[in-house]
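Structural characterization, general
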Amino acid sequence: MPPSVWEKIKGSWTDTKGVVKEQWGKLTDDDLLEIEGRRDQLIGKIQARYGVSREEAERQVQTWERRQR
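Here the structure is a predicted model, which is why all the values come from computation and not from measurement.

1. Things to note about the nonpolar core
In terms of nonpolar packing, the biggest core is built from 15 residues, with Trp6, Val20, Trp24, Leu27, Leu42 and Val61 touching the most fellow members. Among the secondary structure elements, those contributing two or more residues to this core are α1 (3–11), α2 (13–23), α3 (29–35), α4 (39–50) and α5 (54–68). Filtering out sequence-adjacent residues up to four positions away, Trp24 remains in contact with Leu42, Ile46, Tyr50, Gln60, Val61 and Trp64.

Right under this line is the structure:
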């Protein structure tokens, strides 16, 4: 994934948080504050909240990223 996609996500994190929350409803507002647009943090939180493997969390984020372009 080109870094430009995540630069855009980080830059508009306040707006993006709502989209992330729609996709992963188990993430708390505190989780979203902690993530602050960082991809690795998002993957870790999905892994923890949903009890999925890192690979599965990564796959979910990749699918989501493709829709954010």
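There's plenty left to go through after this.
2. Let's talk about the environment of Tyr50
Assignment of secondary structure puts Tyr50 in helix α4. Here Tyr50 falls in the partly exposed class, since its relative accessible area comes to 28%. Between the alpha carbons of Tyr50 and Trp24 there is a distance of 8.8 Å; along the sequence they are 26 residues apart. Leaving out residues up to four positions away in the same chain, Tyr50 has contacts with Trp24, Gly25 and Lys26.

3. Topic: the environment of Gln23
Take Gln23: it is sitting in helix α2. Distance in space between the C-alpha atoms of Gln23 and Glu55 is 17 Å, their sequence separation being 32 residues. Beyond its immediate sequence surroundings of up to four residues, Gln23 is in contact with Trp64 and Arg67.

About the cut-offs
Residues numbered from 1 in each chain as written. Predicted model: local features only at pLDDT ≥ 70, side-chain atom pairs only at ≥ 80, totals over all residues. Heavy atoms only, no water. Core = buried A, V, L, I, M, F, W, Y, C linked by side-chain atoms within 4.5 Å. Buried < 20%, exposed > 50% of the residue type's maximum accessible area, 1.4 Å probe, protein only. Helix = DSSP H or I, 4+ residues; strand = E, 2+ residues; numbered from the N terminus. Contact = heavy atoms within 4.5 Å.

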